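Observations on chain architecture
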Amino acid sequence: MTRADKMSVATVSTTMAVLACVAVLTSSTTLDAMDVSYEVKEDLLDVDVALGLDQGVGMGVRCLEGQPRGEDGQMYCRPLTPQTRLRMNKTANSLLVLTTKRQGGDAHKRFLRSANVYGYKVKVLDEGQESEFNDKRHLELLKAEFEALGEDDKKIVLYTESEDALFSAGPVRVVEEFESSGADILISADGFCWPDQTLESSFPRVERGKRFLNSGGFVGRAKTIHKLLSEAPEEASLQLLLTHIYVKDATRNKYNIKLDHLSTLFQNLNGATGDVELRFAGKEAYLQNTLYNTVPVVVRGNEHTNLVLHTLGSYLARSWNPEDGCRSCWDDMMSLDEMKEEELPKVTMAIFVEKPTPFLEEFLIKINNLLYPSSKIDLFVHNAVEYHEEMMSGFIEAVGEEFASMKYIKHDENIKEWHARNAAIDYCIEHDCQFLFVIDSVAQLNNPFILKLLIEQNREVVAPMMIRPYKAWSNFWGAITNDGFYARSMDYMEIVQNKRRGLWNVPYISSCYLLRRSLFDDADRRPTFIKNLLDPDMALCENLREKGIFMYVSNRVDFGHLVNADKFDTSRLHNELWEIFDNRWDWEQRYLHPNYTHVLAENTTVEMPCPDVYWFPLFKERYAKEMIEAFEDYGGWSDGTNNDPRLEGGYESVPTIDIHMKQMGMEEVWLEVLRVYMQPMQLKIFEGYNNDPPRAIMNFMVRYKPDEQPFLRPHHDTSTYTINVALNKPKVDFEGGGCRFVRYNCSVTDSRVGWVLMHPGRLTHLHEGLRVTKGTRYIIVSFVDP
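Here's a quick rundown of the structure.

Conventions adopted
- Residues numbered from 1 in each chain as written.
- Predicted model: local features only at pLDDT ≥ 70, side-chain atom pairs only at ≥ 80, totals over all residues.
- Heavy atoms only, no water.
- Helix = DSSP H or I, 4+ residues; strand = E, 2+ residues; numbered from the N terminus.
- Buried < 20%, exposed > 50% of the residue type's maximum accessible area, 1.4 Å probe, protein only.
- Contact = heavy atoms within 4.5 Å.
- Areas by Shrake-Rupley, 256 points an atom, 1.4 Å probe, with all protein chains shown as cover.
- Core = buried A, V, L, I, M, F, W, Y, C linked by side-chain atoms within 4.5 Å.
- Pairing = 2+ DSSP bridges.
- Axes fitted to C-alpha atoms, helices over the stretch in contact; angles between N-to-C directions.
- Parallel < 35°, antiparallel > 145°, perpendicular 65-115°, else oblique.
- Left-handed = near helix turned anticlockwise from the far one by under 90°.
- Nonpolar A, V, L, I, M, F, W, Y, C, P; charged D, E, K, R; others polar.
- Disulfide = S-S within 2.5 Å.
- Phe/Tyr/Trp six-rings, centres within 6.5 Å; stacked < 30°, edge-to-face > 60°.
- Lys NZ or Arg CZ within 6 Å of the ring centre and 35° of its normal.
- Salt bridge = Lys/Arg side-chain N within 4 Å of Asp/Glu carboxyl O.
- Polar contact = N/O pair within 3.5 Å; in protein donor to acceptor, adjacent residues only side chain to side chain.
- Patch = residues over 30% accessible without salt bridge, like charges linked within 9 Å, V, L, I, M, F, W, Y side chains within 5 Å.
- Lys, Arg positive; Asp, Glu negative; His and termini not counted.
- Charge placed at Lys NZ, Arg CZ, Asp CG, Glu CD.

Quick notes on the overall build of the chain
Looking only at helices and strands, the chain features 21 helices and 41 strands. Relative to its 786 residues, the chain shows a buried fraction of 56%. Considering only residue pairs separated by 6 or more positions, the chain has 77% of its internal contacts joining residues 24 or more positions apart. Here the chain displays about 33800 Å² of accessible surface, and carbon together with sulfur accounts for 49% of that area.

Below, the structure is given as structure tokens:
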């Protein structure tokens, strides 16, 4: 079956799942999607109160009868007379939002989405013009706009800069807070005096709240603002113009200007991130200013706090809530289900093997199992690791011809990672791709639909969330420090633990992500993996942030996981055998017998071939095979005599030809096997005995051969209990052999590869190793709790 065939078969179930999700979303949001416009409707606020929406004064906080206050304690649900309702809704219906659009565009789209959610009327200044946007141009546009608005005393205008802001409530709240202020112009307040700090002493003192002016957000009567702008002298910027007018008592009073000191309407995050908390009420997310006990409407990520705004933007404006989950995930989504193979987007899949990586074999198998037609994929591979050359070359030879095209850069070509990654972009463009899918060798793609799902998400940059199993280590950062390094966001743990699923705006991604071709066609936005001396992934993300391009990470479904390659030792044969600590999940998938946990279950009976001798599966045959090969490759077998310098005292009473785990550097690994997998079985079998952790100083592999050591005389083990793991097959790899328990005259000769015999050591279970007559028999033995 080709990859295209796999996709067509699997698409049926995917389509059904998507339709089910759509049905759930539709059923839960039918009321939310009602056409509740800002016409003069006497019952509008009642509808908003009933729905818990903020198209009235509810601020997204549910307002129940007899409970006039919202969860934040503010009286946003206070009773209004019918006349007040009509007036406020009429005013809200005529409220105009002015904004600007600068480089990037993603933040602007987010702002427009929030405005659309709450029903604002927005006009973008200079939209579609190619003129350079600077402070002077900014002032010119505002003056021209208010000149056009004229002398309408009833018209209210709100201004904010779209790249730094979003709405978290509706127009009625804006009107309510503006009218409650008693101002003709209400300007957002800041904790910093800028850009001219010498003016700090000129600002009026305030008993409570932010003292200084921030021109990034204001609301006022169009007539008053027009008058102010037409009468004001020339200034270098809007900030300086409004500051100079505000600090003078005469002009401040003339235009009736006030600052929003308590963030009732505008929340500037710079210097105030500790003042706010994201909260939820029903299906609404809102921002609570805990310092002033207010719920602001316009949230602004001014200065470096725009990254905090990105985090909040994943929730506010009905983007995510605990009941519905991710609402904004459905924005602009596309579907590939109805497309024929030739209509599917063409993808360049770029694989990077930049360091020795454990479990690379499984990584390549999952790449080959992706459910997307090979004919629509151009393959680009960079391998910088000599250790992996044989495997990578074998992969290219086996599957390379299945793809539309293929380029393989070998380790001996000495291409630096930065340049190889940029070359992947060039290769994508040369082959007329629509997406570039970047995959590092540490990213295990467990979900075969991953490429399809990321394309359907329809974002310029999107990554599937991946973590190191059992660790809080992921391929994204929720926040970054001012110097560009990792910081933990307020929602990081909820996301990596999948307590919150959705699509998250983040400042850093790595290891696996999808880039849309539209980024490459714009020279000003084209990403690059080079930035000073930064690592390629950090350079890419910093360049994207500087260009205003949003990066998203999705955990809507489980996509895969990361392996830990930080300390991968390649000096031995079958190095993954040692990876139980750093990559336990992958180690278990490769080596642990699939029936182990079934036998461990409470109501399952463990086989007992001889009295008090228990038999159960632990390892796959692959584990046994690789252990034999690794020990034989090491080759340090003992001579089988009583003299054994490896032991304290140098004497072995019942010698075997063996290699100790210590010699292989595997002692800690094997003790972990005893603790994690053997001890639970021991607790089930020998009820009432528990030594945690189990102690074992004799752990070794034994080799029996007819011409070397064919058998072992009867003996007691120096242990509380012994485990004996069979590593190869009787009547296939050897003949004869087995274990005979003398007291019961009971033998186990049909050993099973990877299965464990567990039996008491001292007193009752005198036993012997039966003669091997042909071939070689291998077992692993541990004397536990001597």
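What follows picks up the thread again.
Some remarks on the nonpolar core
Of all hydrophobic cores here, the largest spans 97 residues; its most connected members are Met349, Phe437 and Leu445. Element by element, the count of residues in this core is highest for strand S14 (residues 347-353), at 6 residues. In this structure, Met349 is in contact with Ile367, Leu370, Ile377, Asp378, Leu379, Phe380, Phe403, Phe437 and Ile439, ignoring residues within four places of it in sequence.

Re the sheet that holds strand S6 (residues 212-221)
Ordered by their spatial adjacency, 6 strands build an open sheet running S2-S1-S3-S6-S5-S7, and the pairing between neighbours is mixed. Each of the sheet's edge strands pairs with one partner strand only, and the pair in question is strand S2 (121-124) and strand S7 (257-260). Going from strand to strand, the sheet's axes swing by 30° on average, the running direction of each strand aside. With 4 bridges joining them, strand S1 (residues 96-99) and S2 adopt parallel strand pairing.

Side note on the packing of helix H11 (residues 360-368) against helix H12 (residues 389-399)
At a closest axis distance of 11 Å, the pairing of H11 and H12 adopts a crossing angle of 20°. Comparing the axis directions of H11 and H12 gives the class roughly parallel. Between H11 and H12 the crossing geometry is right-handed. Contacts from Leu360, Glu361, Leu364, Ile367 and Asn368 in H11 reach Met391, Met392, Phe395 and Val399 in H12. A per-class count over the contact of H11 with H12 returns 7 nonpolar, 1 polar and 1 charged.

Observations regarding the state of the cysteines
In protein chemistry, a disulfide is the covalent bond that joins the sulfur atoms of two cysteines. Per the counting criterion, the structure on display carries 3 disulfides. Each disulfide pairs two cysteine sulfurs, and for Cys428 the partner residue is Cys433, the sulfurs being separated by 1.6 Å. Since a negative S-S torsion denotes a left-handed disulfide, the Cys428-Cys433 link at about 85° is right-handed. This pair shows no difference in class: Cys428 is buried, exactly as Cys433 is. Covalent S-S linkage joins Cys610 and Cys746, the inter-sulfur distance amounting to 1.9 Å. The chirality of the disulfide connecting Cys610 with Cys746 is left-handed, given an S-S dihedral of about -80°.

Examining the packing of aromatic side chains
This model, assessed by the stated rule, comprises 31 aromatic pairs. Residues Trp587 and Tyr677 carry aromatic rings whose centres are separated by 5.9 Å and whose planes lie at 15° to one another, so their mutual orientation is stacked. Here Trp587, found in helix H18 (residues 584-591), pairs with Tyr677, found in helix H21 (residues 667-685); they are 90 residues apart in sequence, far enough to count as distant. A connected cluster of aromatic rings, assembled from ring pairs, spans Trp587, Tyr591, Tyr596, Phe619, Tyr623, Trp670 and Tyr677. Residue placement shows Arg572 over the ring face of Trp578; its charged tip is 4.0 Å from the ring centre. One cation-aromatic arrangement involves Arg752 over Trp615; the distance from NZ or CZ to the ring centre is 4.0 Å.

Here we look at the pattern of salt bridges
Pairing between side chains of opposite charge can happen when the charged atoms of each approach one another. The final tally for this structure, using the stated rule, is 44 salt bridges. Arg221 is the salt-bridge partner of Asp184, the closest N and O atoms lying 3.4 Å from each other. Here Asp184, found in the loop between helix H6 (171-181) and strand S5 (185-190), pairs with Arg221, found in strand S6; they are 37 residues apart in sequence, far enough to count as distant. A residue is classified by how much of its surface remains accessible, and Asp184, at 23% relative accessible area, is partly exposed. Residue class for Arg221 comes out partly exposed when judged on its relative accessible area of 23%. Here Arg421 and Glu417 are joined by a salt bridge, their closest N and O atoms 2.9 Å apart. You can see Arg421 and its partner Glu417 sitting in helix H13 (residues 417-430), 4 residues apart, about one turn around the helix. Here the residues in one salt-bridge network are Glu361, Glu362, Glu576, Arg590, Arg622 and Glu626, joined through shared partners.

Some points on the sheet that holds strand S36 (residues 739-741)
Ordered by their spatial adjacency, 4 strands build an open sheet running S33-S39-S36-S37, and the pairing between neighbours is antiparallel. The outermost strands of the open sheet, each flanked by one partner alone, are strand S33 (712-715) and strand S37 (746-748). Neighbour to neighbour, the strand axes of the sheet diverge by 15° on average, direction disregarded.

With respect to the side chain of Thr357
With respect to the element layout, Thr357 can be found in the loop between S14 and H11. Within the local environment of Thr357, its side chain forms a polar contact with the side chain of Ser441, the two groups lying 2.8 Å apart. For Thr357, the contacting residues outside a window of four places in its chain are His388, Ser441, Val442, Val563, Ala565, Phe568 and Glu576.

Looking at a negative patch on the surface
On the surface, a cluster of negative charge is contributed by Glu147, Glu151, Asp152 and Asp153. Take Glu147: it is sitting in helix H5 (residues 135-149).

Here's the deal with H18
Where burial is concerned, most of H18 is hidden: 6 out of the 8 residues are buried. Among the residues making up H18, those that are buried are Arg584, Asp586, Trp587, Glu588, Arg590 and Tyr591.

Topic: helix H14 (residues 450-457)
H14 sits mainly inside the fold: 7 of its 8 residues count as buried. Residue Asn458 follows H14 closely and has a positive phi angle near 60°.

Brief notes about unusual backbone geometry
With an omega of -5°, the peptide bond running from Trp194 to Pro195 counts as cis. Looking at where Pro195 falls in the secondary structure, it is placed in the loop between S5 and S6. Residue Pro693 is bonded to the preceding Asp692 through a cis peptide linkage, with omega at 0°. Here Pro693 is to be found in the loop between H21 and strand S32 (698-704). Located in the positive-phi region is Arg318, a residue other than glycine, with phi close to 55°. Position of Arg318 relative to the elements: it lies in the loop between helix H10 (306-313) and strand S12 (320-321).

Focus on the environment of Leu540
Relative to the assigned elements, Leu540 resides in helix H17 (residues 536-546). Each C-alpha atom, one on Leu540 and one on Trp418, is 9.7 Å from the other, the two residues being 122 residues apart in sequence. Other than its neighbours up to four places away in sequence, Leu540 contacts Tyr513, Pro527, Thr528 and Phe529.

Concerning the packing of H5 against helix H7 (residues 222-231)
Closest axis-to-axis distance for the H5/H7 pair is 9 Å, and the angle between their directions is 130°. The orientation of H5 relative to H7 falls into the category oblique. Crossing hand, H5 versus H7: left-handed. Residues Leu142, Lys143, Phe146, Glu147 and Leu149 of H5 lie in contact with H7, whose contacting residues are Ala222, Ile225, His226 and Leu229. Of the residues contributing to the contact of H5 with H7, the split by class is 6 nonpolar, 1 polar and 2 charged.

Description of the side chain of Arg459
With respect to the helices, strands and loops of the structure, Arg459 is situated in the loop between H14 and strand S19 (461-464). The buried charged residue Arg459 lacks any salt bridge partner; its closest oppositely charged side chain belongs to Asp332, at an N-O distance of 4.9 Å. Among the polar contacts listed, one links the side chain of Arg459 to the backbone oxygen of Asp331, at a separation of 3.0 Å. Setting aside anything within four residues of it in sequence, one finds Arg459 in contact with Ser328, Cys329, Asp331, Asp332, Leu503, Arg516 and Tyr552.

What is shown is where atoms sit, not what they do.
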